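# Examining the three-dimensional arrangement
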Number of protein chains: 2
Amino acid sequence: MLTRKQHELLRFIQTRLDETGISPSFEEMKDALDLKSKSGVHRLISALEERGFIRRLPNRARALEVLRRADEGGQTAPAANSNVVPFAKPEATAPAPAGDVIEIPLHGRIAAGVPIEALEDQAILPVPAALLGPGEHYALEVSGDSMIEAGILDGDFALVKRTEIANDGEIVVALVRGEEATLKYLRRENGMIRLDPANAAYEPQIYAANEIKVQGKLAGLLRRYFH
Amino acid sequence: MLTRKQHELLRFIQTRLDETGISPSFEEMKDALDLKSKSGVHRLISALEERGFIRRLPNRARALEVLRRADEGGQTAPAANSNVVPFAKPEATAPAPAGDVIEIPLHGRIAAGVPIEALEDQAILPVPAALLGPGEHYALEVSGDSMIEAGILDGDFALVKRTEIANDGEIVVALVRGEEATLKYLRRENGMIRLDPANAAYEPQIYAANEIKVQGKLAGLLRRYFH
DNA sequence: TTAATTGTTCTCAAAATGTTCACAAGTGGA
DNA sequence: TCCACTTGTGAACATTTTGAGAACAATTAA
């Protein structure tokens, strides 16, 4: 059982770690929680540590680690009244389907090689929890056939984990020169970044490291055939 | 967990080790991090070692080993009771999931060309309703690469609609001579039935109409990438 | 052994971060 | 109402992190 603030902080740390791999500093956490003094953060951190949700190295900068993740389900809005956020019990809810499903927003289409089409109105896609790991995810409809040899076809839905961290050989959503987002294999080569399509008809593209920003990595895929 | 520099260095080491198998030297790391002195690298290495991310042999050249990769979540709490199970908030979110999800049984694996492995204990897979049409469905884990050119990979989950009716060109679960079930393109040719793999390495197979029984047709596909 | 490579320490200095304390106030339960 | 906690704020202070350079030690190859 965490208090509202503790929960809020834990979620912030989690997300930050998922997305960048770098622990937030007290200063950053202070801002994220909209506080004006770091001492408050310090207390929250101690509380989280005491309760076993995080681990840390005292006196070390940015040395936080999440041991037990906060509930990832809903967005921000915990019940407005209570000051405490109950934790879901492991036994969970009976055979209720809800527990096995995660709802993720459909952010638009990603055309391999063409700008991403942002989608304002959030279409929501329920996805089996088993398909995703921890972290925040969103879906993109794949357009184009540049990843066809990786079994990713035009019209498929790519389930993407939001993160800036990816290893060589993983399929990522890469933002090229701040302009176009594309789904490709990521590869680093002596300081440069190469985006490899999975289609012999397309050429790998090489960029300077600062031209590419990884926005997420492929975590799952959905496809429907015509009924 | 890590500071920006520590993270940056760890990733460099990782990648370097993945690609060449040889540890970078301090000099190389210095350059990679754009530093002008090796002492900085030394400190970072110590920090990484202290935090358990790498191991090294002191005084030995190029003797680094990555113990824990940068993007891997924490040390997966050895909690016996996996409260790792993702939960959905009871109150749930706006677009009520229940109606958007259908639960289908996982019936086992279907090896393209090899008998189906029936699975007694029903694993249940919740699937977005949007992926399926009307009718009864079940899931099969795909084994083998005979449909690889159709974007169906080993390990994917095929969502199958139970039906005996299928049109030419559709992908079906076909029971061959009452023995083995296989996932293939269906084609009819003057009274005979041809099952086409989607892999140039495999041959189409032709059967008498009464040797083949269509058990279902492919309605959807799920895939997960390593998390 | 010599030379070349590679790792280890130390010092200086500045910037970034974490730690503590004291003072106030709000909440919920006994 | 009183007590035990949780929140918020500020500010002084303690440490760590980062960077640069240089001298020196250990290991390796020839």
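These notes cover the structure that comes with them.

Take the protein's contact with DNA strand C next. Lining the immediate surroundings of DNA strand C are 22 residues, of which Phe-26 and Arg-62 of chain A together with Phe-26, Arg-56 and Arg-62 of chain B lie closest. Here, DNA strand C places atoms within 4 Å of the protein, and 72% of those atoms are sugar or phosphate. Here Phe-26 of chain B contributes a backbone N or O atom positioned 2.7 Å from a phosphate oxygen of DNA strand C. Tallied by class, residues from the surface near DNA strand C come to six nonpolar, eight polar and eight charged.

Our next topic: the protein's contact with DNA strand D. Looking at DNA strand D, there are 23 residues lining it, with Thr-3, Ser-39 and Arg-43 of chain A together with Ser-39 and Arg-43 of chain B nearest. Protein-proximal atoms of DNA strand D, defined as those within 4 Å of the protein, fall in sugar or phosphate at a share of 50%. Ser-39 of chain A has a polar side-chain atom sitting 2.6 Å from a base oxygen of DNA strand D. Mapped onto the surface near DNA strand D, the elements with two or more residues apiece are helix H3 (38-50) of chain A together with helix H3 (38-50) of chain B.

All right, on to empty space enclosed by the protein then. Residues and elements named next belong to chain B. This model, assessed by the stated rule, comprises one cavity of 30 Å³ or more. Looking at the largest cavity, its volume works out to about 40 Å³. Considering the residues around the largest cavity, the lining is formed by Pro-24, Phe-26, Arg-56, Leu-57, Arg-60, Arg-62, Ala-63 and Leu-64. The residue inventory of the lining of the largest cavity, partitioned by class, reads five nonpolar, no polar and three charged.

Residues and elements named next belong to chain A. It is the contact of helix H1 (residues 4-20) with H3, at a shortest axis distance of 10 Å, that shows an interaxial angle of 85°. With respect to H3, the axis of H1 lies roughly perpendicular. The segment H1 lies against H3, with Lys-5, Gln-6, Leu-9, Leu-10 and Ile-13 engaging Val-41, Leu-44, Ile-45, Ala-47 and Leu-48. Class assignment of the residues belonging to the contact of H1 with H3 gives a composition of eight nonpolar, one polar and one charged.

Our focus in this paragraph is the packing of aromatic side chains. Residue and element names in this part refer to chain B. Evaluation of the coordinates by the stated rule reveals one aromatic pair over all chains. On the numbers, 6.4 Å between centres and 55° between planes, the contact of Tyr-225 with Phe-226 is tilted. Residue classification places Tyr-225 among the buried residues on the basis of a relative accessible area of 11%. Over the ring of Tyr-185 we find Arg-187, and its NZ or CZ is 5.9 Å from the ring centre.

On to the nonpolar core, then. Across soluble globular proteins, nonpolar side chains show a tendency to be buried alongside one another. Among the nonpolar cores identified, the biggest contains 31 residues, and Leu-9, Leu-10, Ile-13 and Ile-45 of chain A together with Leu-9 and Ile-45 of chain B are the most heavily contacted of them. Those elements that place two or more of their residues in this core are H1, H3 and strand E3 (64-66) of chain A together with helix H1 (4-20) and H3 of chain B. Beyond its immediate sequence surroundings of up to four residues, Ile-45 of chain B is in contact with Leu-9, Ile-13, Phe-26, Met-29, Ile-54, Arg-56 and Leu-64 of chain B. One finds Leu-125, Leu-132, Leu-159 and Ala-219 of chain A within the second-largest nonpolar core, a separate group that totals 21 residues.

On to the pairing of strand E7 (residues 171-176) of chain B. Residue and element names in this part refer to chain B. Along E7, six of the six residues are buried, which leaves the element largely enclosed by surrounding structure. For E7 and strand E8 (residues 180-189), the ladder comprises six bridges, and the chain directions are antiparallel. Bridge assignment links Ile-171 to a residue of E8, and that residue is Tyr-185. What sits between the antiparallel neighbours E7 and E8 is a turn of three residues, in which Arg-177 has the positive phi angle 50°.

Taken as a whole, the second largest pocket holds about 1000 Å³ of empty space. Breaking the lining of the second largest pocket down by element, the ones donating at least two residues are strand E10 (180-189), strand E11 (192-196) and strand E13 (212-224) of chain A together with H1 of chain B. Of the residues belonging to the lining of the second largest pocket, the class tally is 12 nonpolar, six polar and nine charged.

With that out of the way, let us pick up the side chain of Thr-163 of chain B. All names here are of chain B. By the secondary structure assignment, Thr-163 is in the loop between strand E6 (157-162) and E7. Polar contacts involving the side chain of Thr-163 include one to the main-chain amide nitrogen of Ile-165, which spans 3.0 Å. Sequence-distant contacts of Thr-163, that is, excluding residues within four places in its chain, are made with Val-214, Gln-215, Gly-216 and Lys-217.

Residue and element names in this part refer to chain A. Along the chain, the position of Ile-13 falls in helix H1. You can call Ile-13 buried: its relative accessible area is 0%. The sequence separation of Ile-13 and Glu-65 amounts to 52 residues, and the corresponding C-alpha distance is 8.5 Å.

Criteria and thresholds
Residue positions are given per chain, counted from 1 along the sequence in the order it is written. Labels follow written order: the first chain is A, the first ligand is 1, and so on. At least 70 in pLDDT is required for a residue's local features to be given in this predicted model, at least 80 for side-chain atom pairs to be given and counted, and no such filter applies to totals for whole chains, interfaces and linings, which use all residues. Values reported for side chains reflect all heavy atoms of the structure, with hydrogen atoms and water molecules removed beforehand. Summary of the distance rule: residues count as near a molecule or strand when at least one heavy atom falls within 4 Å of that molecule or strand. Distance and chemistry together define a polar contact, namely a pair of N or O atoms within 3.5 Å, with one atom able to donate a hydrogen and the other to accept it when in protein, and with adjacent residues in sequence counting only for side-chain atoms on both sides. Each residue receives one of three labels: charged for Asp, Glu, Lys and Arg, nonpolar for Ala, Val, Leu, Ile, Met, Phe, Trp, Tyr, Cys and Pro, and polar for the others, Gly being one of them. Going along the chain from the N terminus, every DSSP run of H or I of four or more residues is numbered as a helix, and every run of E of two or more is numbered as a strand. Buriedness of a pocket was judged along seven lines, with at least five required to meet protein on both sides within 12 Å; pockets are open sets of points on a 1 Å grid over the protein atoms alone, cavities are sets where a 1.4 Å probe fits but cannot get out, and lining residues have an atom within 4 Å of a point. Grid points are joined across faces, edges and corners, and a volume is the space filled by probe spheres set on the points. To define axes, lines are fitted to C-alpha atoms, for helices over the stretch in contact only, and angles between the resulting N-to-C directions are given on a 0 to 180 degree scale. Note on terminology: angles under 35 degrees are roughly parallel, angles over 145 are roughly antiparallel, angles of 65 to 115 are roughly perpendicular, and the others are oblique. In what follows, a contact means two residues having at least one pair of non-hydrogen atoms within 4.5 Å. Between 30 and 60 degrees the pair is tilted, below 30 it is stacked and above 60 it is edge-to-face, where a pair is any two Phe, Tyr or Trp rings, Trp via its six-membered ring, whose centres lie within 6.5 Å. Each residue gets one of three labels from its accessible area relative to the maximum for its type: buried under 20%, exposed over 50%, partly exposed in between, using a 1.4 Å probe on protein chains only. Should the NZ of a Lys or the CZ of an Arg lie within 6 Å of a ring centre and within 35 degrees of the ring normal, that charge is described as sitting over the ring. Remark: nonpolar core denotes a set of buried residues (Ala, Val, Leu, Ile, Met, Phe, Trp, Tyr, Cys) joined through side-chain atoms within 4.5 Å. Whether two strands pair depends on DSSP finding at least two bridges between them.

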